[in-house]
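Structural features, examined
Now for the letters of each chain:
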Amino acid sequence: VSQVVGAAVLCASAAPSSARTSQATPHIGIRSERVGLGRWARSLVEITRPFSLTASATPVAAAGALALALHRMNWPLFVMALAAGVLLQVGTNVINEIYDVRKGVDSITSPRASLALLTGRVRERTAFWIAGLAFLASAAIGVELILVRSWPLVVLGLAGLLGGWGYTAPPLQYKY
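Here's a quick rundown of the structure.

Turning our attention to the overall build of the protein. Helix and strand content of the protein: eight helices and two strands. Along its sequence from the N terminus, the protein presents helices and strands in the succession α-α-β-β-α-α-α-α-α-α. Counting the 176 residues in the protein, one finds 37% classified as buried. When contacts within the protein are restricted to residue pairs at least 6 apart in sequence, long-range pairs at least 24 apart make up 63% of them. Of the accessible surface of the protein, which amounts to about 10,300 Å², a share of 67% is contributed by carbon and sulfur atoms.

What follows is the structure in structure tokens.
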């Protein structure tokens, strides 16, 4: 991610303004009239749909509250589980955006559609990279949690990854 941000800054600041207009920027996968870090960040926020992240944070927070009430709270593990859950949902949200656009579910007039893919501000390939990085980061945290706790977390983690990908992506596409 830091390399992508660095490339975005270099592309936005080094190219003359005429070179930045109406072109796809191959380094970051975003098309716009004017490529800038702010617009790039807004597009990424839009495609990850942060308003929905409470769906993954709430169950982890509830479990944390229970652990706290039982005097069994382990703050580092709680933060790791929260981060893994949120990252898993970020990946799911981005995959959902990709396949909703592919299937024609999202359109410019859809009230909840992210316009980042529809308008070409984020290319599909970049969206797949974002989702993949989110899933990979979630899995890496999951491996650490498995090492600290126990193997049954493997089942939960794999179910989460499969469910997140398969929500709208083939072969499952159980949303549709």
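After that view of the structure, there is still more to cover.
The rolling of a water-molecule-sized probe over the atoms marks out the regions of remaining empty space. Roughly 1,000 Å³ of volume is contained in the largest pocket. As for the largest pocket, its lining consists of 39 residues, and the residues nearest its centre are Ala81, Ala84, Gly85, Leu145 and Leu153. Residue assignment for the lining of the largest pocket shows that the elements contributing at least two residues are helix 4 (54-69), helix 5 (75-103), helix 7 (124-148) and helix 8 (152-166). Sort the elements by how many residues they give to the lining of the largest pocket and helix 5 lands first, with ten residues. Taken together, the residues of the lining of the largest pocket sort by class into 22 nonpolar, 14 polar and three charged.

In this structure, Ser56 sits in helix 4. At 2.8 Å, the side chain of Ser56 and the side chain of Gln89 are in polar contact. Other than its neighbours up to four places away in sequence, Ser56 contacts Gly85, Val86 and Gln89.

About the criteria used
Residues numbered from 1 in each chain as written. Predicted model: local features only at pLDDT ≥ 70, side-chain atom pairs only at ≥ 80, totals over all residues. Heavy atoms only, no water. Helix = DSSP H or I, 4+ residues; strand = E, 2+ residues; numbered from the N terminus. Buried < 20%, exposed > 50% of the residue type's maximum accessible area, 1.4 Å probe, protein only. Contact = heavy atoms within 4.5 Å. Areas by Shrake-Rupley, 256 points an atom, 1.4 Å probe, with all protein chains shown as cover. 1 Å grid on protein atoms, 1.4 Å probe; cavity = no way out; pocket = protein on both sides within 12 Å on 5 of 7 lines; lining within 4 Å. Points joined across faces, edges and corners; volume = space filled by probe spheres on them. Nonpolar A, V, L, I, M, F, W, Y, C, P; charged D, E, K, R; others polar. Polar contact = N/O pair within 3.5 Å; in protein donor to acceptor, adjacent residues only side chain to side chain.

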